Amino acid sequence: MQTTEHVIDGPHLEVLFAEAVKGPLLSSDIQVQIATLDLVFKYLSLEEVSGKERQAFIEENVADYIFEILRLSGSKDSIVNSAVRVLDLLSNDEQTFRQRLAIGFSTLVPILRYVAEIPFQPVQCHLLKLILNCVTNCPGVVSTSSGEELSSILSGMFKKHMDGDIGMLPETFTLSCSIFVAIMKCTSSRGNPSLAASIEDASRSAISTCLSNNHFSTDQILHCLYLLKEAYTYDQESNFPVSSKVGLRFCVVDILKSKILPWFVTTIHDMEEEDVALGVIETFHSVLHGSNIEGKNFAESLCSSSWFSSLFGCLGLFPTEKMKWRVYMIFSSIIDVLLGTDSGQPIRDSTFRLPSDPTDLLFLLGQKSSHNPELSDCQSAVLLILYASSLYTDRIADDKLVLSSLEQFILLNSNNLLCGASASVTVEILVNLYGFYRGSAKMSYQLPYSPEAERILFQLLAKKEWDSLSTKIQLTSLGWLFQQEKLCKSLADQILKFCRTNPLIANDVVLDHETSHKVDLRVLAELIASENNFGAMILVCLLGDLVENGCQEYDMISVIKACTKIIEIAPAASDQFCMHGIDIVLQNIYNYSTYSFPELFMASSQLALVILKSRSESMSTNEAWTGITMKLIDYLIPTVDSDGWTEEVLTIIGILSLILHHSTNEALIEASKIIVLNVPLVSTINTAIFEACTKGHALFDHDEGTRTGEVLIFVLLLLFFSMRSLLTILPGIIDFQTLLDEGNEMQPLSYVSIRCHDLCKLMHFGSAPVKLIASFCLVQLFTGISESTSTEPVDFKFRQGYLLSISSVLEGLIFFGDVRVALNCSRCLSTLMTWKQLKIESMDVWCRLIVEELVMSLSTPSVTSKSFMIHHKPAANIASALLKLGKAPSWMNRVFDDSSIRSIIHNMSASNLSTELVALFRELLVSGHLNSAHISDLNRVFQACRRYIYADEIQDSSIEDQTAVNVDFVGKARAFLVGLVPDIWRSQSRKKEILEEIELFTKCLMEED
């Protein structure tokens, strides 16, 4: 097309030209429309065409015609390309075109959906640019629905690009990020969870695309970071109600932590663009602002990824003032978040005076600053940076250099430090830092240190108030401090303050030091359990001083509760407490508080109980525990008479039970003798048992959830441990005939024990927990009788029918729901069968029923699962006991016939084999019920079982503890004691028991051969 200046300058011709193209633009012939659009595009592309000519086209509504063409185009590629190219040229006249673009915005969004589906579509970038201009300049035209549709389209583009389904030009990528940001800033986008979900998807896809592409451009990564930054800002209370859980902030922080942070730390040394490093640091910095949870968690993640040393490396690559300012600013914000608001202010104040090299920072630290306030500020900043990095073991310089600089700082500025010119926070940071580097040197290799600097530091700590326990501190530093005997007095004061003010002691809450870096009970527990420090000694001496000086009971209780919790967290700490005489301190407390201060008495009793629970190897055998025991019993007897079985009394019963338990390992012998021979205690226990037995059937309703049931369980536990202890410490005192007596002419018991018929009553009438402990007591009684008669035969005297009544109770519980009770009854019944006074014929019917049920069940393939086999252990014990008799019942031959035995063996496997079943097969072998085929099959099963066990695949098939653990201390103590009872009988693991039983079978087989 030829033009002249006259034509170009003639406004009337421009108007005529614009009018002339309107008709062809509305033609029904698409080729005419395309040709017209191409003509307009060619004209507007001419260099001679100015903004005035483009403005004429806009004012003559040509843009409106083109938008209409797009609306009716059906997204045909050729017409879309031609139309969008013209609109792109018209958009160069931004001011005039803005209104037209706003009107046509609703047309562009559906066209974008079509264009987005085509990889590298020619006008994709032009269309995105038009949309970005409209959203940026006319945000009011973006409705909620159009914003959602746009975000959905763009999110889909990112997703397909990440999956490799479509390609994407760098310009398309950056424009899409910019559109997302513009949409988020629109008023209509506030409180839109659907939009937030699209932004989350797009952010993840965009970052994954960028970081997986080695050839990404600087613009791409910067736009990604900008998108994340704005997304984090978008999810705030002003946009979303507090009750709305959009989670966009968590998403952004997760992307920064899991994607960008690892990428940045690993690529920082190869990074060529300073702008990318600055963009990452700025984005991270934006998340750290404010005191929100995400910011704090993110700061922890940064520091855990060697952030300080990484950024100093970045400063080495890009030693510009801009980079230095940005690095020190984010350092200060991290310290604000970790240590409290404005903690990083010294760094902000000294940013432009701080050097970029960590070695130069250490040089600053080692200078005298008495007459130089600016240097003093710089030194505070350096200490903060070293302190924060040391918390996460992030070393920004060689340990030797840092320790040397710290010592120089102490030596040259000792006057300022000693006269109090330095703030206390600086002193605490200094001591924590010094302790960290001294402790690190001790653990890894010996570094030379200055004794003079150490002396000045200790002198400083003796004069000034300091509290490392209330600050964030590295475990290495804490360990070193607790290894310094000269600091014990100061640390004792700090521990007392910690116990007074720490609510976690009362609430049983323990923090994780890995993330909090605060000293809590878990940290102290691990420190004390690790030995090689004065932690336990400090606590014991502190408690002893409080008692000796008659200090406030609240202080004593706080320290006692701290000790209790420490032992609960780390039972090994009990050894350390015992080595430093905690039992003597406890005895003094009981002398001080038995009746005057019930809360102190209860706290002390809880501490005594957890010490005994810990099974400490350093358990003292001196008079302290004897005195404690006497005090406890002196308190127990009158309290039961006046107030009944209170929580304090039940706690004491738990303590006495554990003392008796320790006596079986030759510890606390004298204390145990005091317990079992105490006449008032014997009377109190007998009364409790008598009252329980008189309840009859009503006793069943009293389980551990009722006071009567709980008291009875504790009393039975004491009786169980007493019966075990008596066999060890006073074996000759037990008269088993007395324990087997019944009727009105019974001799009174002179020691803590229980009669057989009372146990049978409790097993028959009691609730499940009562049956369980009573059955263990009966097993203990029968075991004692068996051991006694094995060395010296005793002819026990029973009335006619007495043993039959016992056997009836035991038989009735063979199929009880709690298999532990059933197993105990089967053991007792097996022992009872060996007594000549019992006529086995009286049990014939019931025993036959038990054995037939056993054989029928074991012969059925579908029911021989592992759990099913557990519940047949009691019956297997009965069958074994019958086979051991000199003359087994004749019906045993019919029950254990060839087909039954073959079926049982066929159903056996390595995983469901039990000790009781192997013992049964051994008795069948001895009694001649097994033939060569049976033995061959059994050997194959046993061999498979051996391989199974040696491969460590077999699981302990012991019964799960069915005792509920209450949240209160007494409930926990009861649960522990109940769990301890079966552990005593299980002297070795189930694996070893099975292997030993298999070996016995093999030995018997060899003897038979």
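This text follows the structure it describes.
What comes next is a walk through the structure. No experiment lies behind these values; they were computed from the predicted model shown. (Residues numbered from 1 in each chain as written. Predicted model: local features only at pLDDT ≥ 70, side-chain atom pairs only at ≥ 80, totals over all residues. Heavy atoms only, no water.)

Time to look at the overall build of the chain. Each helix and strand in the chain was counted, giving 53 helices and zero strands. In the chain, of all internal contacts separated by at least 6 residues, the share reaching a separation of at least 24 is 75%. As displayed, the chain offers around 43,000 Å² of accessible surface, 51% of which is attributable to carbon and sulfur atoms. (Helix = DSSP H or I, 4+ residues; strand = E, 2+ residues; numbered from the N terminus. Contact = heavy atoms within 4.5 Å. Areas by Shrake-Rupley, 256 points an atom, 1.4 Å probe, with all protein chains shown as cover.)

With the rule as written, the count across this model stands at 29 salt bridges. Put simply, R500 and D555 hold a salt bridge, and the shortest N to O gap is 2.9 Å. You can see R500 sitting in helix α26 (residues 488–501) and its partner D555 sitting in helix α31 (residues 553–569), a full 55 residues away along the chain. A relative accessible area of 41% places R500 in the partly exposed class. Salt bridges linked by common partners bring E200, R204 and D254 together as one network. (Salt bridge = Lys/Arg side-chain N within 4 Å of Asp/Glu carboxyl O. Buried < 20%, exposed > 50% of the residue type's maximum accessible area, 1.4 Å probe, protein only.)

What follows concerns the packing of helix α5 (residues 62–72) against helix α7 (residues 94–116). Running from N to C, α5 and α7 cross one another at 5°; their axes reach a closest spacing of 9 Å. By the criterion of interaxial angle, the relationship of α5 to α7 is roughly parallel. The residues of α7 that touch α5, namely those facing A63, D64, F67, L70 and R71, are F97, R100, L101, G104, T107, L108 and I111. Residue classes in the contact of α5 with α7 are distributed as seven nonpolar, two polar and three charged. (Axes fitted to C-alpha atoms, helices over the stretch in contact; angles between N-to-C directions. Parallel < 35°, antiparallel > 145°, perpendicular 65-115°, else oblique. Nonpolar A, V, L, I, M, F, W, Y, C, P; charged D, E, K, R; others polar.)

With their axes 9 Å apart at the nearest point, helix α29 (residues 521–529) and α31 run at an angle of 70° to one another. Taken as axis vectors, α29 and α31 run roughly perpendicular relative to one another. Considering how the two elements wind past one another, α29 and α31 form a crossing that is right-handed. Contacts between α29 and α31 involve L521, R522, L524, A525 and I528 from the former and A562, K565, I566 and I569 from the latter. Classifying every residue of the contact of α29 with α31 gives seven nonpolar, no polar and two charged. (Left-handed = near helix turned anticlockwise from the far one by under 90°.)

By the definition in use, this model includes 18 aromatic pairs. Relative to F173, the ring of F158 lies with its centre 5.3 Å away and its plane at 75°, an arrangement referred to as edge-to-face. One end of the pair, F158, is in helix α9 (residues 144–163); the other, F173, is in helix α10 (residues 170–184), with 15 residues separating them in the sequence. The two residues F158 and F173 agree in class, both being buried. Aromatic side chains F312 and F331 sit 5.5 Å apart centroid to centroid with 50° between the ring planes, which places their arrangement in the tilted category. One end of the pair, F312, is in helix α16 (residues 307–317); the other, F331, is in helix α17 (residues 321–339), with 19 residues separating them in the sequence. Considered together, F312 and F331 belong to a single accessibility category, that of buried residues. Grouping aromatic residues by their ring pairs yields a cluster made of F264, F284, F298 and W307. In this structure, R85 is placed above the aromatic ring of F41, and the distance from its NZ or CZ to the ring centre is 4.1 Å. (Phe/Tyr/Trp six-rings, centres within 6.5 Å; stacked < 30°, edge-to-face > 60°. Lys NZ or Arg CZ within 6 Å of the ring centre and 35° of its normal.)

A few words now on the side chain of T174. For T174, the position within the fold is in helix α10. One polar contact links the side chain of T174 to the main-chain carbonyl oxygen of E171, over a distance of 2.9 Å. Sequence-distant contacts of T174, defined by excluding residues within four places in its chain, comprise D219, Q220 and H223. (Polar contact = N/O pair within 3.5 Å; in protein donor to acceptor, adjacent residues only side chain to side chain.)

The subject of this paragraph is the nonpolar core. Judged by nonpolar contacts, the single largest core of 352 residues is most densely connected at F331, F577, L716 and L762. When residues of this core are assigned to their parent elements, the largest contribution, 14 residues, is made by helix α39 (residues 707–729). Among residues more than four places away in sequence, those in contact with F331 are W307, F308, L311, F312, I347 and I385. (Core = buried A, V, L, I, M, F, W, Y, C linked by side-chain atoms within 4.5 Å.)

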